[in-house]
Amino acid sequence: MIQLLDNKAADLLICAVAQGDMSALEKLYCELAPAVCAFARSIVKDEAAAQDIMQDTFVRVYNSAAAFRPCGLGCAWIMQIARNLSLNALTRFARIEPQENAPETAAAESTADSVEARVMIMSALDTLSEAERQVVTLHAVSGLKLDEVARVLNEPLGTIKWRHSAAMKKIRAAMSAGEEAVK
């Protein structure tokens, strides 16, 4: 799981950015960029587009920091910006197709067991609906609490809890099926 900043710390950093503190923006970027990129990737399904959205998110944070009102939801505010930019990208380009032959990173060149595990996880995530995938990505990968996920997605908390529960059941079932197939 990607470790997020504490929301209060994020609030303070955003307020510092509003005052022109570039080191605060750098700290926000270093702490949140992986989570923002993972969330964007879960929506647009394209690594290059997700990277662009991540960069645009932090440009928006810089440009909009003065309008931010600290209330203990700094990380959720940033993720909401990423979500809006991701949805705008989908609308603008109708649908971004994932790259089939994306270059492998050094981290992906690991043992056969970890590659096998990654394939099983990706297959399990493919069983989820878009809405379920977004909830799982924001909660499990980005580290947001379910009530923060509800704010980011602008959905009732009960709906988010239900989607999370349904998604976890699907993931467990897919992982169990994958383990049985490997044996």
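Let me begin by describing the structure that accompanies this report. Keep in mind that what you see is a predicted model, and the values were worked out from it rather than measured.

**Let's talk about helix α4 (residues 74-92)**
Item 1. Here α4 contains 19 residues, and its C-alpha end-to-end distance of 27 Å stays within 8% of the 27 Å for a straight helix at 1.5 Å per residue.
Item 2. Of the positions making up α4, those classed as buried are G74, C75, A76, I78, M79, I81, A82, R83, L85, S86 and A89.
Item 3. Contacts from the buried residues of α4 go to α1 (7-18), α2 (22-44), α3 (47-64), α6 (130-141) and α7 (146-153).

**Overview of the environment of A49**
Item 1. Residue placement: A49 occurs in helix α3.
Item 2. It is 9.2 Å that separates the C-alpha atoms of A49 and C37, two residues lying 12 residues apart in sequence.

**Some points on the environment of D56**
Item 1. Turning to its location among the elements, D56 is positioned in helix α3.
Item 2. What makes D56 partly exposed here is its relative accessible area of 42%.
Item 3. Separated by 26 residues in the primary sequence, D56 and A82 place their C-alpha atoms 8.1 Å from one another.

**A short note on the pattern of salt bridges**
Opposite charge on two side chains makes pairing possible when the charged atoms of those side chains draw close.
Item 1. Using the criterion set out here, one finds 6 salt bridges in the structure.
Item 2. E47 is the partner of R41 in a salt bridge, and the nearest nitrogen-oxygen pair spans 2.4 Å.
Item 3. For E47, a relative accessible area of 34% gives the class partly exposed.
Item 4. Salt-bridge contacts for K170 lead to E132; the nearest nitrogen and oxygen are separated by 2.9 Å. Of the two residues, K170 is situated in helix α8 (residues 157-182) and E132 in helix α6; the sequence distance between them amounts to 38 residues.

**Focus: the side chain of S86**
Item 1. Within the secondary structure, S86 is located in helix α4.
Item 2. Owing to a relative accessible area of 0%, S86 belongs among the buried residues under this scheme.
Item 3. Side-chain polar atoms of S86 contact the backbone oxygen of A82, separated by 2.8 Å.
Item 4. Here S86 is in contact with A40, I43, V44 and I53, once residues within four sequence places are set aside.

**Some points on unusual backbone geometry**
Item 1. Positive phi values are uncommon outside glycine, yet K45 reaches one of about 60°.
Item 2. By secondary structure assignment, the location of K45 is in the loop between α2 and α3.
Item 3. Here K45 falls in the partly exposed class, since its relative accessible area comes to 21%.
Item 4. Phi at N154 is positive, roughly 55°, even though this residue is not glycine.
Item 5. Note that N154 resides in the loop between α7 and α8.
Item 6. Residue classification places N154 among the exposed positions, given a relative accessible area of 67%.

**Looking at the packing of aromatic side chains**
Note on aromatic pairs: each is described by the distance of the centres and the angle between the planes.
Item 1. A complete count under the given rule lists 2 aromatic pairs for this structure.
Item 2. When the centroid spacing of 5.1 Å and the interplanar angle of 70° are considered together, the rings of Y29 and F58 count as edge-to-face. In this pair, Y29 sits in helix α2 while F58 sits in helix α3, placing the two residues 29 residues apart along the sequence.
Item 3. For F58, a relative accessible area of 5% gives the class buried.
Item 4. Centroid distance F68 to W77: 4.8 Å. Interplanar angle 50°. Geometry classified as tilted.
Item 5. Exposure remark for W77: the relative accessible area of 22% places this residue in the partly exposed category.

Rules used throughout
Residues numbered from 1 in each chain as written. Predicted model: local features only at pLDDT ≥ 70, side-chain atom pairs only at ≥ 80, totals over all residues. Heavy atoms only, no water. Helix = DSSP H or I, 4+ residues; strand = E, 2+ residues; numbered from the N terminus. Expected span 1.5 Å × (residues − 1). Buried < 20%, exposed > 50% of the residue type's maximum accessible area, 1.4 Å probe, protein only. Contact = heavy atoms within 4.5 Å. Salt bridge = Lys/Arg side-chain N within 4 Å of Asp/Glu carboxyl O. Polar contact = N/O pair within 3.5 Å; in protein donor to acceptor, adjacent residues only side chain to side chain. Phe/Tyr/Trp six-rings, centres within 6.5 Å; stacked < 30°, edge-to-face > 60°.

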